[in-house]
Amino acid sequence: MLATLPLEQEKNPWLAAEVRFNRAAEKLKMDDGMRKVLSMPAREITVSIPVMLDDGRLEVFIGYRVQHSIARGPGKGGIRYAPDVSLDEVRALASWMTWKCAVVNIPFGGAKGGVICNPNLMSDNELERLTRRYTAGIIEMIGPERDIPAPDMNTNERVMAWIMDTYAMHVGHATTAVVTGKPMELGGSRGRKEATGRGCMIVTLEALKKFGLRPEDTRVVIQGFGNVGGMAARLMARAGFRIIGIVEYNGAVYNRNGLDIEALMLHRQETGSIVGFDGGEDIDRHEAMFLDCDVLVPAATENVITSENAANLRCRILCEGANGPTTAIADEILADKKIFVIPDILANAGGVTVSYFEWVQDRQGFFWNEDLVNSRLEEIMVGSFGAVTAYGEKHRVDNRTAAYMLALDRVGCAMRLRGLYA
Ligand code: NAD
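The model shown is predicted, which means the values in this text are computed figures rather than measured ones.

## Brief notes about helix α11 (residues 328–336)
Looking at α11, one finds that the buried residues are A328, I329, A330, D331 and L334. Against α1 (7–10), α2 (13–27), β11 (317–319), β12 (340–342) and α15 (399–418) lie the buried residues of α11. Downstream of α11 by a residue or two, K338 has a phi angle that is positive, lying close to 55°.

## Some words on the site of the ligand
In the vicinity of the ligand, 19 residues are found, and the nearest of them are T196, N227, V228, E248 and N323. E248 has a polar side-chain atom sitting 2.5 Å from an oxygen atom of the ligand. A distance of 3.2 Å separates a nitrogen atom of the ligand from a polar backbone atom of Y249. Compared with its free state, where it exposes 830 Å², the ligand has 70% of that area covered by protein.

## Notes on the pairing of strand β2 (residues 58–69)
Direction of pairing for strand β1 (residues 43–52) relative to β2: antiparallel, over a ladder of 10 bridges. Each residue of the ladder has a partner; that of V47, found in β2, is G63. When β2 meets strand β4 (residues 110–116), the two strands line up antiparallel, connected through seven bridges. By the bridge assignment for β4, S69 is matched with G110.

## Some words on the pattern of salt bridges
All told, the structure shown has 31 salt bridges when counted by the stated rule. With its nearest N and O atoms 3.0 Å apart, the salt bridge here joins R400 to D331. With a gap of 69 residues between them, R400 in helix α15 and D331 in helix α11 connect regions that are remote in the sequence. Overall, R400 belongs to the buried group, its relative accessible area being 4%. On the accessibility criterion, D331 (11% relative accessible area) is buried. When salt bridges that share partners are traced, they join R20, R23, E320, D331, E332, D344 and R400 into one network.

## Digging into the domain arrangement of the chain
Split into domains, the chain comes out as domain 1 (41–174) and domain 2 (195–347). The distance between the C-alpha centroids of domain 1 and domain 2 comes to 30 Å. Listed per partner, the contact involves four residues of domain 1 and five residues of domain 2. Taken together, both faces of the contact between domain 1 and domain 2 bury some 550 Å²; the carbon and sulfur share is 64%. The largest contributions to the domain 1 side of the interface with domain 2 come from W96, K100 and V103, which together make up 70% of the buried area. Counting across the interface, domain 1 meets domain 2 through zero salt bridges.

## Observations regarding the sheet that holds strand β3 (residues 75–82)
Within the open sheet, the five strands sit side by side as β1-β2-β4-β3-β5. Their pairing is mixed. Sheet topology places β1 and β5 (147–151) at the edges, where each strand pairs with a single neighbour. Geometrically, the sheet is characterised by an average inter-axis angle of 20° between neighbouring strands, direction not taken into account. As judged from the four bridges shared by β3 and β4, these two strands associate in the parallel manner. What sits directly across from I79, in β4, is G113. Across the sheet, helix α5 (residues 124–137) touches β1, β2, β3 and β4, and the angle it forms with β1 is around 145°.

## Quick look at helix α8 (residues 227–238)
Given 3.6 residues per helical turn, the α-helix brings residues three or four places apart onto the same face. Between its first and last C-alpha atoms α8 spans 16 Å; for 12 residues at 1.5 Å apiece the expected length is 16 Å, and the two agree. Those residues of α8 that sit buried are V228, G229, G230, M231, A232, A233, L235 and M236. Contacts made by the buried residues of α8 are with α7 (192–211), β6 (219–223), β7 (242–248), α9 (261–271) and β10 (295–298). Phi for G240, located one or two positions after α8, is positive at around 105°.

Rules used throughout
- Residues numbered from 1 in each chain as written.
- Predicted model: local features only at pLDDT ≥ 70, side-chain atom pairs only at ≥ 80, totals over all residues.
- Heavy atoms only, no water.
- Buried < 20%, exposed > 50% of the residue type's maximum accessible area, 1.4 Å probe, protein only.
- Helix = DSSP H or I, 4+ residues; strand = E, 2+ residues; numbered from the N terminus.
- Contact = heavy atoms within 4.5 Å.
- Near = heavy atom within 4 Å.
- Polar contact = N/O pair within 3.5 Å; in protein donor to acceptor, adjacent residues only side chain to side chain.
- Areas by Shrake-Rupley, 256 points an atom, 1.4 Å probe, with all protein chains shown as cover.
- Pairing = 2+ DSSP bridges.
- Salt bridge = Lys/Arg side-chain N within 4 Å of Asp/Glu carboxyl O.
- Domains from an automatic or database assignment.
- Buried area = accessible area lost by both parts, 1.4 Å probe.
- Axes fitted to C-alpha atoms, helices over the stretch in contact; angles between N-to-C directions.
- Expected span 1.5 Å × (residues − 1).

Right, here's the structure in full:
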C-alpha cells in the first residue's frame, strides 16, 4: 500500500515516523498496549501568542510544545519558527527526538516546539516579544528537569538567550540549563557548533572499517553546506577524505581529486554562493547527488531521497546528516541496492549529544575544554554505531530498523520499570 502513495503523502513526516515505528515494533513483537503508549505524545500544549507589532497592530500567533516521551528523562528538542509549522509535524519531530536520544543512550526523552510565523517578515523586536510571550505560554512545561528546548529551523542562540532570560525572570534566578544551544557567554558548550558534523564524520569513519576503506580512498558528496554539511565537509577534509562534490540549493561544485573545502568556504563568504569556484567545476545540482561516490551525506533538508530518485543513487554509504532526508518508501529501494545507511537518528545525534553535555556543564557550573567535549562525543558516537550495527546483525535487519528497535526497546524498558501510576 505504501508503494502506491502519491509523492506528497510519501513526504508526510508523521507517516515517516509511523512507518518506522511500526516496522520496529513488529520486529520486537511489542504488545499492543506498549505500542499505544509509545506512539502517543505524553503531553502537548497549544498557545496563542498575542504580539504587539512595530506598527501598533496586535497580531496573534499560534505556538506548540509537544513532549512525546519523558520516560527516560526530561524532554529534549528544538523550537522552530516557520509559516508551515503544524501540530502533526511537531508531534512527529518530537517522537524522532525520543528515538534519537534513546539510540545514543543519553538521559532525555523527546520533545519539540514550533510557532507559526514568518521570521523573515518580522523585526528583531517583534521576534523577541514573540519568543518571550511563547516562553511564558509554555513555562509550566519547560525547565532543566522537565523539558529543555534548543534551536531548530529559524531559531538560534539569540532566541535561546531570550527564552533563558524569560524563564529566569519567572523563577527568580538564572537558570542556564533550561535551554541548550546558548551563546558561550551564557553557559553554551564548546564544540556545540561542530558537533553534528563531527558526529557524522565519526560514524562514517566507523562505517569505512566495514568496507576496508581508508579516508584517502573515500570519495564523498555532501548536500547542504550549512552548519551540518559545512562542518562535516571541513572535518572530513581534514581527516583526509576526498570531498568530490558539494550540492547547494542554487548550484553544485565538483572536483574528482577533492575540493579544497577551506577555499570553498572563503569563496562562498566572498561571493555568497558556492557557484563559480575556481577549484572545481559547476555541475547540475539535480544530478550532483547521483554522482558515483563512496559516501553521500544529505545534510540540507528532509525528503530529498524518495521513491522517485532513490534508484539513481550511486553511493555505498549513506550518512543522513539531515533529519528525515529519506522517505519510508525509499528505505526499501536503498535496501535492495545494498546501500549501507547510517540513519538520521544515529548519524546526526552528535548535536543533541553535545547539547546534553551543555546541560550537564550548566548544572555542574563547571565547563569542559573542547578536547574533552570532542573525546566524550566520539566515545558516545562510536559506541552507538557499534550498538546499532551489532543489533542489526543479530536481528538480521537494516541499520534504520535496528536503530529504531534499540530505541523502542530502551524506552519500553524504562516504561516497564517505572510502571503505571494510576
Ligand atoms: P543550515 O540552514 O545551517 O544549512 C542547510 C544548508 O542546506 C543551507 O546552506 C541551505 O542553503 C542548503 N539547502 C537547503 N535546501 C537545499 C536543497 N534542497 N538542496 C541543496 N541544499 C539545500 O541547517 P543545518 O543546521 O545544517 O541543518 C541541516 C539539516 O540537519 C536539517 O534537516 C536539520 O534538521 C538537521 N540537523 C541539524 C542539526 C544541527 O545541529 N544544526 C542537528 C541535527 C539535525
